[in-house]
Amino acid sequence: MTQKEAIRLDKTLCPGLSTREDAIRYLQTTVGLWQMFCLLPEEFREDLIGYCMGLNGLAITYDAVFKKIFNPETRTERVESLLSALLGRKVSIRTVLPLLGTALVEKGSFLVMDMLVELDDGTYADLEMQKVGYKFPVERSDCYGADLIMRQYTRLQREKRDRRPFDFKQMKKIFCIVLMEQSSREFIEATQAANTSRQEYIHGRWMRVDTGIMPDSKGLHEDIFVCLDLFRKNVHNIDKNSSLTDAWLTFLSATDVETITQLIEAFPEFLDIYKEIAEFVRKPEELTMMLSEELYIMDRNTEREMRKDMEKENKALELRNNILKVENEGLKDENEGLKEKNAELIGANQELIQRIKLLEDQLAVQYHNQQ
C-alpha cells in the first residue's frame, strides 16, 4: 500500500470502509445502487470505491452534489462567498430566479440553468457546472446571456407600467460563470500557445469597441470561464496565505486526501461543507439517487452528442451527394460532347468511304480503257 493509500479521510466525511471488498459489499446492499454502479464508466466506479474507503473525496462536480451544496435558497451565504471570489467583489443575493428560460427554446425545451440569482446591485449571475467543457461553448453562453437580458428587459417593461418610464440605462449586467472540470480544446491550446510555464485558468470575456472608445463599458453580458483542470495543474498547494478564490477552486476540483486536508487546515469553514456532502450520501439509497441523476444527465448528453454526430453525417452525405450531382452533370456534358464528336467521326468516316468508292470506280474505268 502506498503512502497516499495509507492516508484516509475522517470517517465523518465518508463511509470509511477498510477494504475494497467491504466497499463493493456496501455498494451491493441496495440492488438499484449496484445496478447503476455497474452502468457507470470505470473512472466513476473507481472514484466511488475510493470514496467509500476514504482514499479520496467525492467529486463536487456530480450534478446532484453540486446543486445540493450550492442551493442559493438554503445556502445563500455559501453561494455569495463563491460568487464574490469569482467576480472579485463582495456580493449579496437579492433574489433567486427561476432556472427555466423564457425567451429562447433549445431542441423543443427551455434552456435550463444550474443556478440563477439576482445580486444586490441588480445584476444577474448564472452559474454553470460542466464536467466536459466542450458541452458549453461560447455560443451557448451567448444564448444564455441573451435569454437573461430579455428576462430583465421584460421585467423592467412591466415595472414601467406601474412606476417610472423605461430607460435602457436601467438594464444591469448579466454574468455567465462556467466552471469546467475538463477544459475544452480551445482553452488548453490557447494557454499552451502563450509561451509561458503558467497556464491561465480564469478567462473573462466581454464586449469592447475596437477604436478604444468607451473603455469602461463592457456591454450587458460578461462571461467567466473557469478551467478547474488547469487550476489543479498550476496550483498544487493551499495554505492560509492562499486567496479565497484559490480556496474555492481547490474545493471544486480536488478529490485527493492531501489537498482536502490542506484546504480544511487553511480554511476550516470548508469542513462543514464536506460533512454536509458526507451526510447527503451517507446511506446507499442516497448514493443511488445521486447516481441515478448522474446517469440521466450522461444519457441525455450522449443522446445530444449522437444527434449532433448524425447531423454532421447527414450534412457530410448531403455535401457528398451535391458533389456527385455536379460530377454527374459534368459527365453528362462530357458524354454529350463525346456523342457530338462521335457523330462527326461517323460523318467523316462516311465521307471517306464515299471517296474511296469513287477512287475505286475511277481506277476501274482507267484499267478498262487501257485494256
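See the structure shown above.
Definitions and limits used
Residues numbered from 1 in each chain as written. Predicted model: local features only at pLDDT ≥ 70, side-chain atom pairs only at ≥ 80, totals over all residues. Heavy atoms only, no water. Helix = DSSP H or I, 4+ residues; strand = E, 2+ residues; numbered from the N terminus. Buried < 20%, exposed > 50% of the residue type's maximum accessible area, 1.4 Å probe, protein only. Contact = heavy atoms within 4.5 Å. Areas by Shrake-Rupley, 256 points an atom, 1.4 Å probe, with all protein chains shown as cover. Pairing = 2+ DSSP bridges. Axes fitted to C-alpha atoms, helices over the stretch in contact; angles between N-to-C directions. Patch = residues over 30% accessible without salt bridge, like charges linked within 9 Å, V, L, I, M, F, W, Y side chains within 5 Å. Salt bridge = Lys/Arg side-chain N within 4 Å of Asp/Glu carboxyl O. Arc of directions from axis to C-beta. Parallel < 35°, antiparallel > 145°, perpendicular 65-115°, else oblique. Left-handed = near helix turned anticlockwise from the far one by under 90°. Nonpolar A, V, L, I, M, F, W, Y, C, P; charged D, E, K, R; others polar. Phe/Tyr/Trp six-rings, centres within 6.5 Å; stacked < 30°, edge-to-face > 60°. Polar contact = N/O pair within 3.5 Å; in protein donor to acceptor, adjacent residues only side chain to side chain.

Caption draft 1: How the structure looks around the overall build of the protein chain. Within the protein chain, the regular secondary structure consists of 13 helices and 8 strands. Residue burial in the protein chain is summarised as follows: out of 371 residues, 39% are buried. Contacts in the protein chain between residues at least 24 apart in sequence constitute 67% of all its contacts with a sequence separation of at least 6. Element-wise, carbon and sulfur atoms account for 53% of the exposed surface of the protein chain, whose accessible area totals about 22400 Å².

Caption draft 2: Expanded view of the sheet that holds strand β4 (residues 115-119). With respect to topology, 6 strands assemble into an open sheet ordered β1-β4-β5-β6-β8-β7, the strand pairing being mixed. With partners counted over all chains shown, the strands left at the sheet margins are β1 (93-96) and β7 (202-205), one partner each. On average, adjacent strands in this sheet sit at an angle of 25° to one another, irrespective of strand direction. Across 4 bridges, the pairing between β4 and strand β5 (residues 124-132) is antiparallel.

Caption draft 3: Local environment of a nonpolar patch on the surface. Taken together, V209, I213 and M214 make up a surface patch of nonpolar side chains, about 260 Å² in accessible area. Along the chain, V209 turns up in the loop between β7 and β8 (221-227). V209 sits in the partly exposed class, given a relative accessible area of 31%.

Caption draft 4: Local environment of helix α2 (residues 20-28). All of the buried residues in α2 are A23, Y26 and L27. Take α2 and look down its axis: the buried residues cluster within an arc of 95°, on one side only.

Caption draft 5: Highlighting the pattern of salt bridges. Taken as a whole and judged by the stated rule, the model has 13 salt bridges. For D63, the salt bridge identified is with K67, shortest N-O distance 3.4 Å. With D63 and K67 both in helix α5 (residues 63-69) and 4 residues apart, this pair spans about one turn of that helix. Owing to a relative accessible area of 12%, D63 belongs among the buried residues under this scheme. Several salt bridges converge on common partners, so that one network encompasses D63, K67 and D114.

Caption draft 6: Representation of the pairing of β8. In terms of residue burial, β8 counts as a mostly covered element, since 7 of its 7 residues are buried. Taking every second residue as pointing to the same face, both faces of β8 are buried, with H221, D223, F225 and C227 on one and E222, I224 and V226 on the other. Inspection of the sheet shows strand β6 (residues 174-182) paired to β8 by 7 bridges, in the parallel sense. Bridging across to β8, V178 finds its partner in F225.

Caption draft 7: Fine view of the packing of helix α10 (residues 244-253) against helix α12 (residues 269-280). The geometry of α10 relative to α12 is characterised by a closest axis approach of 12 Å and an angle of 20° between their N-to-C directions. Put simply, α10 runs roughly parallel to α12. Taken as a pair, α10 and α12 cross one another with a handedness that is right-handed. Each of A247, W248 and F251 in α10 lies in contact with α12, whose residues at this interface are F270, I273, Y274 and I277. Of the residues contributing to the contact of α10 with α12, the split by class is 7 nonpolar, no polar and no charged.

Caption draft 8: Focus on the packing of aromatic side chains. Counted under the stated rule, the structure contains 12 aromatic pairs. Seen from their ring centres, Y153 and F168 are 5.9 Å apart, and the 15° between their planes marks the pair as stacked. Highlighted residues: Y153 in helix α7 (residues 138-162) and F168 in the loop between α7 and β6, separated in sequence by 15 residues. Look at F168 and you get exposed, because its relative accessible area is 58%. For the ring pair W248 and F251, a centre distance of 5.8 Å and an interplane angle of 85° mean the geometry is edge-to-face. With W248 and F251 both in helix α10 and 3 residues apart, the pair spans about one turn of that helix. With respect to burial, W248 and F251 carry one shared label: buried.

Caption draft 9: Quick peek at the environment of T245. Positionally, T245 belongs in helix α10. Distance from T245 to L83, taken between C-alpha atoms, is 9.3 Å for residues 162 residues apart in sequence. Leaving out residues up to four positions away in the same chain, T245 has contacts with A85 and I202. Among the polar contacts listed, one links the side chain of T245 to the backbone oxygen of A85, at a separation of 2.9 Å.

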